[in-house]
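Analysis of the macromolecular model
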Amino acid sequence: MLKVEEQTPVVFSSELLAKFDEVKSRYPEGKHKSALLPLLHLVQAEYLWVSTPAMDKVAEYLNIQPIEVYEVATFYTMYFLKPQGKYALEVCRTGPCCLVGAEKILSHLENRLGVKEGEVTADGLFSFRGVECLAACGFGPVLQISPEYTFYENLTTDSVDKLIEDLKNKS
Amino acid sequence: MSRLIQDYGLWTTDYRLIKMSRKLLLEHINVPGINTLEVYRQKGGYRAVEKALKTLTPEEIVEEVKKSGLRGRGGAGFPTGMKWSFLAKPEGVARYLVCNADESEPGTFKDRYLMTYIPHALIEGMIVSSFALGAKVSYIYVRGEMMPQIRILEKAIAEAKAAGWLGKNILGTGYDLELYVQPGGGAYICGEETALLESLEGKRGNPRIKPPFPAIAGLYGCPTVVNNVESIAAVVPIINDGGDEYAKIGIGRSTGTKLISASGNLVKPGVYEIELGLPVEEFIYSDEYCGGIANGKRLKATVAGGSSVPILPANLTLKYANGEPRLMSYESLSEGGFATGTMLGSGGFIAFDEDQCIVRNTWNFSRFYHHESCGQCSPCREGTGWMEKILHKIEHGHGTMDDVDLLWDVQRKIEGNTICPLGDAAAWPVASAIRHFRDEFEWHIKEPVKSQSQNYGIANYATPIEKAPVTEEK
Ligand SMILES: Cc1cc2nc3c(=O)[nH]c(=O)nc-3n(C[C@H](O)[C@H](O)[C@H](O)COP(=O)(O)O)c2cc1C
Ligand code: SF4
Ligand code: FES
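Criteria and thresholds
Residues numbered from 1 in each chain as written. Chains lettered and ligands numbered in written order. Predicted model: local features only at pLDDT ≥ 70, side-chain atom pairs only at ≥ 80, totals over all residues. Heavy atoms only, no water. Helix = DSSP H or I, 4+ residues; strand = E, 2+ residues; numbered from the N terminus. Buried < 20%, exposed > 50% of the residue type's maximum accessible area, 1.4 Å probe, protein only. Expected span 1.5 Å × (residues − 1). Contact = heavy atoms within 4.5 Å. Pairing = 2+ DSSP bridges. Axes fitted to C-alpha atoms, helices over the stretch in contact; angles between N-to-C directions. pLDDT = per-residue confidence, 0-100. Domains from an automatic or database assignment. Buried area = accessible area lost by both parts, 1.4 Å probe. Salt bridge = Lys/Arg side-chain N within 4 Å of Asp/Glu carboxyl O. Polar contact = N/O pair within 3.5 Å; in protein donor to acceptor, adjacent residues only side chain to side chain. Nonpolar A, V, L, I, M, F, W, Y, C, P; charged D, E, K, R; others polar. Near = heavy atom within 4 Å. Areas by Shrake-Rupley, 256 points an atom, 1.4 Å probe, with all protein chains shown as cover. Phe/Tyr/Trp six-rings, centres within 6.5 Å; stacked < 30°, edge-to-face > 60°. Lys NZ or Arg CZ within 6 Å of the ring centre and 35° of its normal. Patch = residues over 30% accessible without salt bridge, like charges linked within 9 Å, V, L, I, M, F, W, Y side chains within 5 Å.

Regarding the overall build of chain A
Looking only at helices and strands, chain A features seven helices and four strands. For chain A, the α and β elements follow one another from N to C terminus as α-α-α-α-β-α-α-β-β-β-α. Across its three principal axes, chain A shows a C-alpha extent of roughly 50 × 35 × 30 Å. Classification of the 171 residues of chain A by burial places 55% in the buried group.

Spelled out as structure tokens, the structure:
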């Protein structure tokens, strides 16, 4: 659910706006609304989530109504409408992955990180959630880490532990 | 592990060393560097573009694709050449080709695999197909989660463009084409072609009411063809070898080769290119393909074409009800209709071993469809929620016999009563699970405690329960 609350306004950097311009150039004259989904991905890659003021700015940029951005951001599952961990881990929870142990990976993450699905760890580094089939069913269990969407296959509880350690050491 | 793939953010065990006999799409998958333009060219890549643009007219290409008998590899199996010939060509109006790389059907992972390892196969197919359809701008709509593949494709497109295979006046023929990758936002429904077009226009992925079909009014209201990644890649060998040659491969109206994504409890899950007509038994058990059921267990059931198609018990997977062997082809997999058959669908082949719980899997799939319903039609929006709830109840030991009948009733009321086929796709797995595994559902209800700690096992599937629901048993 999207809550339109007062939040600190954002100013997009000129680098980000240059990327916006490139994306916008991919569509025919007058069809620039097509850029909306890619722009929201760019915003999320920069801020790690999509805030209401950021959406308002995107609307302004594309010269469309803010509601047109809200309705899209709330429809698709990839856009985070509240802040996540610096590393948002997403584990596939759909049938084929469950046949090879996805549920075990999810409960392991819950124990290991000490937070429930959707919550952020106290150090702000991690959050996790189950997502639907990621088109790697034969290589399950799998997880991806936003905002880069690096992808890991054939997970075991050990490889997940190692991954978390590596990410901790990296930051 | 391949270093280059890691550069794109994909950490994968290298699965490409799988040996296969008849290959058109994956022939060079083991060649180091085949993801680069240089090596792809050395292996004969972009020959189809040269042949098509320099020696064939758009109409002749459409004719070759018709002759090949190629059927859409996205799930519906509609003849590609026929679809192309329906494209409206009003004067002065742009036409579009949009590649459907949304691949989100549980069990299906062939398109992601092809794009990861041989991105130029898709790009080459896009150029030939766009030329055939008269498109000057084409889009590859890739599901947003596939960021590594988006990076791979964008790099490959830049390479192709720098070498003159894309852009203005390709090969000096006067044909211009721009090709762009469009990321989705995470929504299974955007694989449905009209929802995909809505999404590409920057909107919510709500499927459109057909007609008009995209061939008349698609992207931006213009005539549009939407094709699956594998369908478009298959155009390359069709143009290289000719439609007639392609049609010689396969069996009957199932021509050519098909990428099958095999997952679940198999010794060697992965993506296989098979010649259509391969016996299912050979596909599951031979070492050339899946190598049998993992950990020496027995096969309990399969979902042969992605989560939407009916689940079949092991006996009906391998043989028709009359005992004849079942083959991997459009016709053979659907032999017997929904009573004893299933569908080839997208080629997502999921194998369940004897220890898997059919009720739990059906609940999982129902949760998926409920989560992914776009919410436009009440039967789908509400019905998928009902099915998820009832199945959750049965799986967790709180079900009653009436629940099985209610479940049957709900799925029947969804099927055929919705705007897009997601409703049917949600209903079929539930219907088929009850049809073939009703005893397992009933066991969950009669044994609420035991069913929480152990599974039903291989089931007495030898006699499929044809008549469902069986209300007398109450
Ligand atoms: C709910 C739903 C999801 C679909 N998902 C996909 C998909 O991920 N990829 C795909 O190619 N086709 C998908 N399709 C089928 C498309 O609507 C369309 O038939 C297909 O892209 C046409 O391409 P083809 O003729 O080359 O198969 C889906 C259909 C439905 C109803
Ligand atoms: S059937 Fe379901 S997914 Fe399809 S349009 Fe209706 S509500 Fe949306
Ligand atoms: S079911 Fe997990 S990737 Fe498909």
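So much for the structure itself; the text now carries on.
What to know about helix H17 (residues 378-395) of chain B
Residues and elements named next belong to chain B. Taking 1.5 Å per residue as the helical rise, H17 with its 18 residues ought to reach 26 Å, and the 25 Å between its terminal C-alpha atoms agrees with that figure. For H17, the full list of buried residues reads Cys380, Gly383, Thr384, Gly385, Met387, Glu388, Ile390, Leu391, Ile394 and Glu395. Residues of H17 that are buried make contact with helix H16 (358-372), helix H18 (401-414), helix H19 (422-446) and helix H20 (450-453). Just downstream of H17, Gly397 is the residue with a positive phi angle, here 80°.

Overview of the sheet that holds strand E5 (residues 175-183) of chain B
Residues and elements named next belong to chain B. Judged by pairing direction, the sheet is mixed, and its five strands sit side by side in the order E4-E5-E3-E2-E6 without closing on themselves. For this open sheet the edge positions go to strand E4 (167-170) and strand E6 (224-228), each flanked by a neighbour on one side alone. Ignoring which end each strand starts from, the neighbouring axes of this sheet average 25° apart. Against the sheet, helix H8 (residues 147-162) touches strand E3 (137-142), E4 and E5, its axis set at about 165° to E5.

A short note on the confidence of the model for chain B
Residue and element names in this part refer to chain B. Chain-level statistics for chain B give a pLDDT mean of 93 and a share of 93% at 70 or above. Between residues 461-474, whose pLDDT stays under 50, and residues either more than four places distant or in other chains, the model counts 28 contacts. This complex was scored by the predictor with a pTM of 0.94 and an ipTM of 0.96.

Some remarks on the pairing of E5(B)
Residues and elements named next belong to chain B. Most of E5 sits out of view: eight of its nine residues are buried. In the sheet, E3 pairs with E5 via six bridges, with the strands oriented parallel. Counted as the bridge partner of Tyr141 is Gln182 from E5. The pairing of E4 with E5 spans two bridges and is classified as antiparallel. Each bridged residue has a counterpart across the sheet, and for Gly167 the counterpart in E5 is Leu177. Between E4 and the antiparallel strand that follows it, E5, lie four residues; Leu171 among them carries a positive phi value of about 55°.

Here we look at the domain arrangement of chain B
Residues and elements named next belong to chain B. Partitioning chain B into domains gives domain 1 (3-248), domain 2 (255-353) and domain 3 (358-453). Measuring from the centre of the C-alpha atoms in domain 2 to the corresponding centre in domain 3 gives 23 Å. On the domain 3 side, the residues contacting the 15 residues of domain 2 number 13 residues. Ranking the residues of domain 2 by area buried against domain 3 places Ser308, Ile311 and Phe338 at the top, with a combined share of 41%. In this structure, Glu440 and Lys300 form a salt bridge, with 3.0 Å as the shortest nitrogen-oxygen distance. Counting across the interface, domain 2 meets domain 3 through five residue pairs in polar contact (both at pLDDT 80 or more). Classifying every residue of the side of domain 2 that touches domain 3 gives 11 nonpolar, three polar and one charged.

Comments concerning the site of ligand 1
All names here are of chain B. Looking at ligand 1, there are 18 residues lining it, with Gly74, Asn100, Asn227, Asn228 and Ser231 nearest. Lys83 places a side-chain nitrogen or oxygen 3.1 Å from an oxygen atom of ligand 1. A distance of 2.8 Å separates an oxygen atom of ligand 1 from a polar atom in the side chain of Asn227. Relative to its free-state accessible area of 600 Å², ligand 1 is covered by the protein chains to the extent of 89%. Element by element, the count of residues in the shell around ligand 1 is highest for E6, at three residues.

Side note on the sheet that holds strand E15 (residues 348-353) of chain B
Residues and elements named next belong to chain B. If you walk across this open sheet you meet the five strands as E10-E9-E15-E12-E13, and the pairing is mixed. Since the sheet does not close on itself, it has two edges, and those belong to strand E10 (270-275) and strand E13 (311-313), each with one partner. Between one strand axis and the next, the sheet turns through 30° on average, direction left out of account. In terms of strand pairing, strand E9 (residues 257-264) meets E15 through four bridges, oriented parallel. What sits directly across from Ser261, in E15, is Gly348.

Things to note about helix H2 (residues 36-47) of chain A
Here H2(A) contains 12 residues, and its C-alpha end-to-end distance of 16 Å stays within 8% of the 16 Å for a straight helix at 1.5 Å per residue. Among all positions of H2(A), only A:Leu36, A:Leu37, A:Pro38, A:Leu39, A:Leu40, A:His41, A:Val43 and A:Gln44 are buried. Of the surrounding secondary structure, the elements contacted by the buried residues of H2(A) are helix H1 (14-24), helix H3 (52-62) and helix H4 (66-75) of chain A together with H8, E5 and helix H9 (193-200) of chain B. Following H2(A) by one or two positions, A:Leu48 has its phi on the positive side, about 70°.

Digging into the packing of aromatic side chains
Inspection of the entire model under this criterion finds 25 aromatic pairs over all chains. Between B:Tyr96 and B:Tyr139, the aromatic rings sit 6.4 Å apart at their centres with planes inclined by 35°, giving tilted as the arrangement. Pair noted here: B:Tyr96 is in strand E2 (residues 96-101) and B:Tyr139 is in strand E3, with a separation of 43 residues, a long-range link. We note that B:Tyr96, like B:Tyr139, is buried. When the centroid spacing of 5.1 Å and the interplanar angle of 75° are considered together, the rings of B:Phe131 and B:Tyr175 count as edge-to-face. You can see B:Phe131 sitting in helix H7 (residues 119-133) and its partner B:Tyr175 sitting in strand E5, a full 44 residues away along the chain. Its relative accessible area of 12% is what places B:Phe131 among the buried residues. Among the aromatic residues, those joined into a cluster by ring pairs are A:Tyr27, B:Tyr96, B:Tyr139, B:Tyr180 and B:Tyr220. Here the basic side chain of B:Arg71 rests over the ring of B:Tyr330, its NZ or CZ set 4.1 Å away from the ring centre. Geometry around A:Phe151 places B:Arg112 over its ring, the cationic atom sitting 4.3 Å from the centre.

Points about the environment of B:Gly250
All names here are of chain B. Residue placement: Gly250 occurs in strand E7 (residues 250-251). Sequence separation between Gly250 and Glu275 is 25 residues; the distance between their C-alpha atoms is 5.4 Å. If we ignore the near neighbours within four places in the chain, the residues touching Gly250 are Thr255, Gly256, Glu275 and Leu276.

Side note on the domain arrangement of chain A
Its domain assignment divides chain A into domain 1 (14-75) and domain 2 (87-170). Measuring from the centre of the C-alpha atoms in domain 1 of chain A to the corresponding centre in domain 2 of chain A gives 28 Å.

Focus: a nonpolar patch on the surface
Residues and elements named next belong to chain B. Among the surface-exposed residues, Phe78, Met82 and Phe86 lie close enough to one another that they form a single nonpolar patch of about 280 Å² accessible area. Here Phe78 is to be found in the loop between helix H4 (58-68) and helix H5 (80-85). Taking relative accessible area as the criterion, Phe78 reaches 38% and is therefore assigned partly exposed.

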